[in-house]
Amino acid sequence: MQKEQRQFFFATILIALIVGGLSGIIAAVYVTTSVGFEPAFVATVFGRTPKPSELQAPAEKQTTPQSEDELVTGLVKKVQPAVVSISISKNVRSFSNRTGPNIFPFDDFFEQFGFPSQLPQQQPQQGEPQGGQKQIVGGGTGFVITADGMILTNKHVVSDAEAEYTVTTNDGKSYPAKILAQDPVNDLAVIKVEAKGLPTVVLGDSDGIAIGQTVVAIGNSLAQFPNTVTKGVGSGLGRRVTAGDNRGMSEVLEGVSQTDAAINPGNSGGPLVNLRGEVVGINTAVSQAGQLIGFAIPINEAKRDIASVKKSGKIVRPWLGVRYVIVTKELAEKNQLSVDYGALILRGQAQTDFAVIPGSPADKAGLVENDIILEIDGTKIDDDHPLSRIVSRKNPGDTIMLKVLSKGKEKTVKVELGEFK
């Protein structure tokens, strides 16, 4: 090969190598930068152009949705350890003398329920007077809200000042309980046992309950079957019912949730739970007239009570000081009222049931019987927004503005709320 030919041949190979090398570098830079890697990182780690499969994020693991049965059994395992049974004990002699041997002081709202006459008796303590034995005369349910033993239940479960209360946890341990606070307005109470490390419930948002949503009730049914589980749906929202027992006690329950989950005597104070295992209500009442018509106080109504007890050791409630009835179209037509909404201030049946409580914030503001409170702070009062619910969301000392229809004329009244004693 001649010298010129050899030089041309080597020059051609050199150019090809240079061009090929540059092409590889350009290709590597293009590939790596197009997928977001730094070229230096790829060159150092991989030493080559990565395959597309190496650059893709790993696929998410597909999970099979849980069935409703799995959700229910899961929430029961989660909540049940925090549900407690409450036993009510009384002195046998004094109790029998006061009410008779076959009448018992514990009745669930709307339901007459007598416990068997042969009930387990506690042995008298040393030094206790003859005939002073304690006997279990009723029971209810509660659920633990703090690990150190605070328990939420219904007020009517622990309303007897002469009774003693014993809490039995899901693991069979029993503790004497003391009453920390009772809500003066709502059927709620907080009791306390001396314990540590107790399992607690998770409080949900009762405003998120939907009609038809699955709910589960857990409670001490018939005060004999602890941690009984029943399932149903939310049947209604914002009900207003009057609950009472065969001792003459009654209470108006505002804004309660209705459910067809079986609620029996003894379930009072137990949790109503959603499928996430969150408490959304406190089982409170059952209708005697129908089947599977139970009512629960929304848990959001209890959150203020819980916070109040933690802060001050008592339940603080705002107070206006009037008796009233919600004005409806039927009531307006029957009584020839000029409005079909609002809260009509009325006297109760007894002579002492004043329409306006003497010395109350309403009395000081000049409200009188037959006035109709139309609005509070711009919110119209009706079945969906009852006066008591609006006031309950305020604090003692708050000033509210009332629009009042008095003797046919509208006026604005400023009221400073007091503390309910």
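Residues numbered from 1 in each chain as written. Predicted model: local features only at pLDDT ≥ 70, side-chain atom pairs only at ≥ 80, totals over all residues. Heavy atoms only, no water.

Draft legend 1. Main features of the overall build of the protein chain. Summing up its helical and strand segments, the protein chain has nine helices and 22 strands in all. A buried classification covers 43% of the 421 residues belonging to the protein chain. Across the protein chain, contacts joining residues at least 24 apart in sequence account for 64% of those joining residues at least 6 apart. Approximately 22,800 Å² of the protein chain is accessible, and the part contributed by carbon and sulfur atoms is 53%. (Helix = DSSP H or I, 4+ residues; strand = E, 2+ residues; numbered from the N terminus. Buried < 20%, exposed > 50% of the residue type's maximum accessible area, 1.4 Å probe, protein only. Contact = heavy atoms within 4.5 Å. Areas by Shrake-Rupley, 256 points an atom, 1.4 Å probe, with all protein chains shown as cover.)

Draft legend 2. Summary view of the pattern of salt bridges. For the structure shown, the criterion picks out 14 salt bridges. Across the pair E375 and K403 runs a salt bridge, and its minimum N-O distance is 3.6 Å. You can see E375 sitting in strand β18 (residues 372-376) and its partner K403 sitting in strand β20 (residues 399-406), a full 28 residues away along the chain. A relative accessible area of 27% means that K403 is categorised as partly exposed. Shared partners join several salt bridges into a network, and the residues in it are K90, D160 and E162. (Salt bridge = Lys/Arg side-chain N within 4 Å of Asp/Glu carboxyl O.)

Draft legend 3. Summary view of the nonpolar core. Of all hydrophobic cores here, the largest spans 49 residues; its most connected members are F143, L152, V167, V193 and I282. Beyond its immediate sequence surroundings of up to four residues, I282 is in contact with F143, L152, N154, L188, G269, G270, F295, A296, I297, P298, I299 and A302. Core analysis: the second largest hydrophobic core is formed by 22 residues, V322, A343, V356 and I373 among them. (Core = buried A, V, L, I, M, F, W, Y, C linked by side-chain atoms within 4.5 Å.)

Draft legend 4. Inspection of the side chain of T284 at higher detail. Take T284: it is sitting in strand β13 (residues 278-286). Using a relative accessible area of 1% as the deciding quantity, one classes T284 as buried. In terms of polar contacts, T284 uses its side chain to reach the side chain of N154, at 3.2 Å. (Polar contact = N/O pair within 3.5 Å; in protein donor to acceptor, adjacent residues only side chain to side chain.)

Draft legend 5. Geometry of the pairing of strand β1 (residues 83-91). A large share of β1 lies buried, amounting to eight of its nine residues. Bridging between β1 and strand β3 (residues 134-144) involves nine bridges; their strand directions are antiparallel. The residue of β3 that forms the bridge with N91 is K134. Looking at chain direction, β1 and strand β5 (residues 164-168) are connected through five bridges and run antiparallel. Across the sheet, residue S85 finds its bridge partner in β5, namely T168. (Pairing = 2+ DSSP bridges.)

Draft legend 6. Just the confidence of the model for the protein chain, in detail. Of the residues in the protein chain, 73% have a pLDDT of 70 or more, and the chain-wide mean is 79. Here helix α2 (residues 39-45) stands out as the least confident element of the protein chain, with mean pLDDT 33; strand β4 (residues 150-153) is the most confident, with 98. Confidence over residues 8-50 falls short of pLDDT 50; this stretch has 17 contacts with residues more than four positions distant or in other chains. The low-confidence segment residues 94-130 (pLDDT under 50) makes 91 contacts with residues lying over four places distant or belonging to another chain. (pLDDT = per-residue confidence, 0-100.)

Draft legend 7. Highlighting the environment of L222. In this fold, L222 is placed in the loop between β9 (214-221) and β10 (225-244). Linking L222 and G138, residues 84 residues apart in sequence, is a C-alpha distance of 8.8 Å.

Draft legend 8. Seen up close, the packing of aromatic side chains. What the rule picks out here adds up to one aromatic pair. Ring geometry for W319 versus F420: centroids 6.1 Å apart, planes at 80°, classification edge-to-face. With a gap of 101 residues between them, W319 in strand β15 (residues 318-319) and F420 in the segment after β22 (418-419) connect regions that are remote in the sequence. Since its relative accessible area comes to 23%, W319 is described here as partly exposed. Looking at K380, its charged tip hangs above the ring of Y341, at a distance of 4.5 Å from the centre. (Phe/Tyr/Trp six-rings, centres within 6.5 Å; stacked < 30°, edge-to-face > 60°. Lys NZ or Arg CZ within 6 Å of the ring centre and 35° of its normal.)

Draft legend 9. Seen up close, the pairing of strand β7 (residues 189-192). Across the two faces of β7 the burial is the same, with A189 and I191 and V190 and K192 all buried. In this structure, strand β6 (residues 174-182) lies alongside β7, joined through four bridges in antiparallel fashion. When the sheet's bridge partners are listed, I179 is paired in β7 with I191. In sequence, β6 turns back onto β7 through a hairpin of six residues.

Draft legend 10. Expanded view of unusual backbone geometry. Here the phi dihedral of L222 falls at roughly 55°; this positive angle occurs in a residue that is not glycine. Among the residues examined, L222 registers a relative accessible area of 27% and is labelled partly exposed. Even without glycine at this site, N370 takes up a positive phi of about 80°. Mapped onto the fold, N370 is located in the loop between α8 (361-364) and β18.

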